[in-house]
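What the coordinates show
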Amino acid sequence: MVQTGKGTRTNNQDGVRETITVTDNRTGREYELDITDGTVRARDFRQLKAYEGDFGLMVYDPGFANTASCRSAITHINGEQGILEYRGYPIEELAQRSSFLETAYLLIHGDLPGAGALEAWTEEIRMHTYLHESMKQMMEAFQYDAHPMGMFVGSVAAMSTFYRDAKNVNDPQSRHDQTIRLIAKVPTIAAFSYRHNLGKPYVYPDNDLSYVGNFLSMLWKMSEPQYKPNPTLEKAIDVLFILHADHEQNCSTNAMRSVGSSEVDPYSATAAAAAALYGPLHGGANEAVIRMLTEIGDKSRVPQFVKHVKSGEGLLWGFGHRIYKSYDPRAAIIKRTADEVFEMTGPNPLLEIALELERIALEDEYFIERKLYPNVDFYSGIIYQALGFPVDIFPVLFAIPRTVGWLAQWREMIEDPEQKIARPRQVFVGPERRAYVPIERR
Ligand code: ACO
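As a starting point, this report considers the structure included with it. Each chain has its residues counted from 1, following the order in which its sequence is written. Whole-chain, interface and lining totals are the exception, using all residues; otherwise, since this is a predicted model, local features are given only for residues with pLDDT of at least 70 and side-chain atom pairs are given and counted only at 80 or more. Note: side-chain values were computed over all heavy atoms of the structure, leaving out hydrogens and water.

1. Side note on the sheet that holds strand β5 (residues 83-86)
- Spatial strand order, β4-β5-β6: 3 strands in an open sheet with antiparallel pairing. Every other strand in the sheet has two partners, leaving β4 (75-78) and β6 (89-90) as the edge strands with one partner each.
- Sheet topology note: the β5/β6 ladder contains 2 bridges and is antiparallel. Directly across from E85, in β6, lies its bridge partner P90. Two strands pair if DSSP finds at least two bridges between them. Comment: elements are numbered from the N terminus, with helices defined as DSSP H or I runs of at least four residues and strands as E runs of at least two.

2. Things to note about the site of the ligand
- We call a residue near a molecule or strand as soon as one heavy atom of that residue lies within 4 Å of the molecule or strand. In the neighbourhood of the ligand, 19 residues make up the surrounding shell, with H282, L316, G318, F319 and R322 lying closest.
- Here a nitrogen atom of the ligand sits 2.8 Å away from a polar atom, N or O, in the main chain of L316.
- F319 is positioned such that a nitrogen or oxygen atom in its backbone is 2.9 Å from a nitrogen atom of the ligand.
- In these tables, accessible area is a Shrake-Rupley quantity obtained with a 1.4 Å probe, and a residue counts as shielded only by the protein chains included in the view. Look at the ligand: alone it shows 910 Å² of surface, and the protein chains cover 68% of it.
- Only Asp, Glu, Lys and Arg are considered charged, only Ala, Val, Leu, Ile, Met, Phe, Trp, Tyr, Cys and Pro nonpolar, and every remaining residue, Gly among them, polar. Classifying every residue of the shell around the ligand gives 11 nonpolar, 5 polar and 3 charged. Throughout this description, a polar contact denotes any pair of N or O atoms lying within 3.5 Å of each other; where both atoms belong to protein, one of them has to be capable of donating a hydrogen while the other can accept it, and for residues adjacent in sequence the pair is counted only when both atoms sit in side chains.

3. As for the side chain of T75
- Within the secondary structure, T75 is located in strand β4.
- In this scheme, a residue with accessible area under 20% of its type's maximum is buried, one over 50% is exposed, and one in between is partly exposed, where area comes from a 1.4 Å probe on protein chains only. With relative accessibility at 10%, the residue T75 sits in the buried group.
- For T75, the side chain forms a polar contact with the side chain of D246, separated by 2.6 Å.
- Apart from the residues lying within four places of it in its own chain, the contact partners of T75 are L84, E85, Y86, L107, D246, H247 and E248. Contacts are assigned to residue pairs with any non-hydrogen atoms lying within 4.5 Å of each other.

4. Considerations on the pairing of strand β3 (residues 29-34)
- Of the pairings in the sheet, the one linking strand β2 (residues 19-24) to β3 comprises 6 bridges and is antiparallel in character. The partner of T21 across the bridge, within β3, is E32.
- Two successive antiparallel strands, β2 and β3, enclose a turn made up of 4 residues, where G28 displays a positive phi of approximately 80°.

5. Describing the pairing of β4
- Here β4 shows one buried face, formed by T75 and I77, and one open face, formed by H76 and N78.
- Across 4 bridges, β4 lies against β5 in antiparallel orientation. Among the inter-strand pairings, T75 is bridged to a residue of β5, identified as Y86.
- Between β4 and β5, which pair antiparallel one after the other, the connecting turn spans 4 residues, and G82 there sits at a positive phi close to 65°.

6. Remarks on empty space enclosed by the protein
- Both cavities and pockets are sets of points on a 1 Å grid over the protein atoms alone; in a cavity a 1.4 Å probe fits but cannot get out, in a pocket the set is open with protein on both sides within 12 Å along at least five of seven lines, and lining residues sit with an atom within 4 Å of a point. Grid points are joined across faces, edges and corners, and a volume is the space filled by probe spheres set on the points. Under the definition given, this model contains 2 cavities of 30 Å³ or more.
- A volume near 90 Å³ is recorded for the largest cavity.
- Lining the largest cavity are L101, T122, I125, R126, T129, D206, N207, L209, S210, Y211 and N214.
- Among the elements of the structure, α3 (115-126) and α7 (211-220) are those that each provide at least two residues to the lining of the largest cavity.
- Take the lining of the largest cavity: its biggest share by element is 3 residues, from α3.

7. Here we look at the nonpolar core
- Here the nonpolar core consists of buried residues drawn from Ala, Val, Leu, Ile, Met, Phe, Trp, Tyr and Cys, with membership extended through side-chain atoms lying within 4.5 Å. In terms of nonpolar packing, the biggest core is built from 113 residues, with F152, Y211 and L357 touching the most fellow members.
- No other element matches the 13 residues that helix α17 (residues 394-415) contributes to this core.
- Setting aside chain neighbours within four positions, we find F152 in contact with V186, I189, A190, S193, A274, V396, A399 and T403.
- Grouped together as the second largest cluster of nonpolar side chains are 5 residues, V22, Y31, L33 and L48 included.

8. Some points on the packing of aromatic side chains
- Pairing of aromatic rings covers Phe, Tyr and Trp, the last counted by its six-membered ring, and requires centre-to-centre distances within 6.5 Å; plane angles under 30 degrees mean stacked, over 60 mean edge-to-face, and any other angle means tilted. A full pass over the atoms with the stated rule returns 16 aromatic pairs.
- Ring centres of F100 and F241 lie 5.4 Å apart, and the angle between their planes is 70°; on these two criteria the pair is classed as edge-to-face. Separated by 141 residues along the polypeptide, F100 in helix α2 (residues 100-109) and F241 in helix α8 (residues 231-244) bring together distant segments of the chain. As far as the burial class goes, F100 and F241 line up, both buried.
- Taking the centre distance of 5.6 Å and the plane angle of 35° together, the rings of Y163 and Y267 count as tilted. With Y163 in the loop between α5 (148-158) and α6 (172-198) and Y267 in helix α10 (residues 266-278), this residue pair connects regions lying 104 residues apart in the sequence.

9. Topic: the pattern of salt bridges
- The term salt bridge refers to a side-chain nitrogen of Lys or Arg lying within 4 Å of a carboxyl oxygen of Asp or Glu. Under the defined criterion, the tally for this structure stands at 20 salt bridges.
- Of the charged contacts in the structure, one is a salt bridge between E133 and K136, with a shortest N-O distance of 3.6 Å. In this pair, E133 and K136 both sit in helix α4 (residues 133-140), 3 residues apart, roughly one turn of the helix.
- Overall, E133 belongs to the partly exposed group, its relative accessible area being 35%.
- Residue R291 pairs with D392 through a salt bridge whose shortest N-O separation is 3.8 Å. Of the two residues, R291 sits in helix α11 (residues 285-296) while D392 sits in the loop between α16 (376-386) and α17, which places them 101 residues apart along the sequence.
- Overall, the relative accessible area of 24% leaves D392 in the partly exposed class.
- A network of salt bridges, in which partner residues are shared, links E133, K136 and E140.

In structure tokens, the structure reads:
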């Protein structure tokens, strides 16, 4: 028997050994591997060698479907039970009782702030909402119809050229400064991208307004002296921001950690994370939901569309999730928020189609068997559309709050002594070494 780890076997409270014994049938050798927090160390498998000089066994896991890449104390999800918690607080309670900036403090610092700490945090963010004028000029140079998310990704990356101290990622003060700058400035970048697309002049931040109120002002203010945000709308966006703030190791967060693990500055890493979010399988899904609902066009055509999805000819956008195998708790809160928004704006005709789609899908064997339920994106797009946002801006609306989650995860990664530069292995399936053929003989 070969042992791994520190050689000290611990028993759990029931006296059961927290190990697994693996027999390598190629050699007949047995190995006892430690189990810690329900995981085995992939590295422990390297000692399983078929012959002298063998590299050792690796684990193969495309898409990291069953691989924990870090230890994290930020967000907990129980996908079977539909539970989402930030630092131990249920998402439902945060959405109901906290503000987005309070939730941001919680994610970044680990605890809910007291009144004084919240005021200081809010004030610090408020003081950093303006962009450097050269940033603004740079954004003006984008093509007139540039996709706002492309502008967002490019502009966040460009921020690293303005804050040269950002590369000092091992300096806690620098990490704090970039955290504040990013949280404060992403709404400004997002709003400028939106106005650019419409050919409207950029609106500078109004620091007398709330975080969301200021964002709405930068989006929609015209010639009035001060923009007055509608409180229902302001609250709805604040709730949506809370729901989107973090979601543990999703595709974009993994990009943030992976790129950040090279110790590049956080603007470059955040731009990489935002680029990951841009894809339709991730943050672009709510845009795809609206296009899908528009294409269906009428409630009566839903059964035909579901048949089409079941025959493998397309996806039911906004359904399914790698982690949630029951109702996404964020989708349930969004559905309730939608009711409040529609009371103000009047019903969105796409809602009727969405509700019918959900009803039929949740009764259908195909979706039941695969545990496919509505995810956060199924209803968020419908709300955004009712609020007057064009679909192109949807992923940007997602990126603003998720920047907080990316930063919390990045800071945790930098402070974790176990983390190393992300560098996965591969299973090489290409040709063996072969003789070079000169071009005239190919
Ligand atoms: N519509 C129809 N079938 C689906 C859907 C869907 N939306 N999602 C999954 N399936 C099917 C797959 O075809 C597969 O079927 P099979 O077993 O017969 O091959 C099975 O369900 C399992 O799906 P996978 O793709 O293996 O699941 P995975 O965990 O890799 O993918 C994902 C998760 C990407 C979210 C997927 O469900 C999907 O593409 N959904 C639509 C896009 C979407 O809404 N994305 C937003 C996710 S939430 C977020 O990022 C904020």
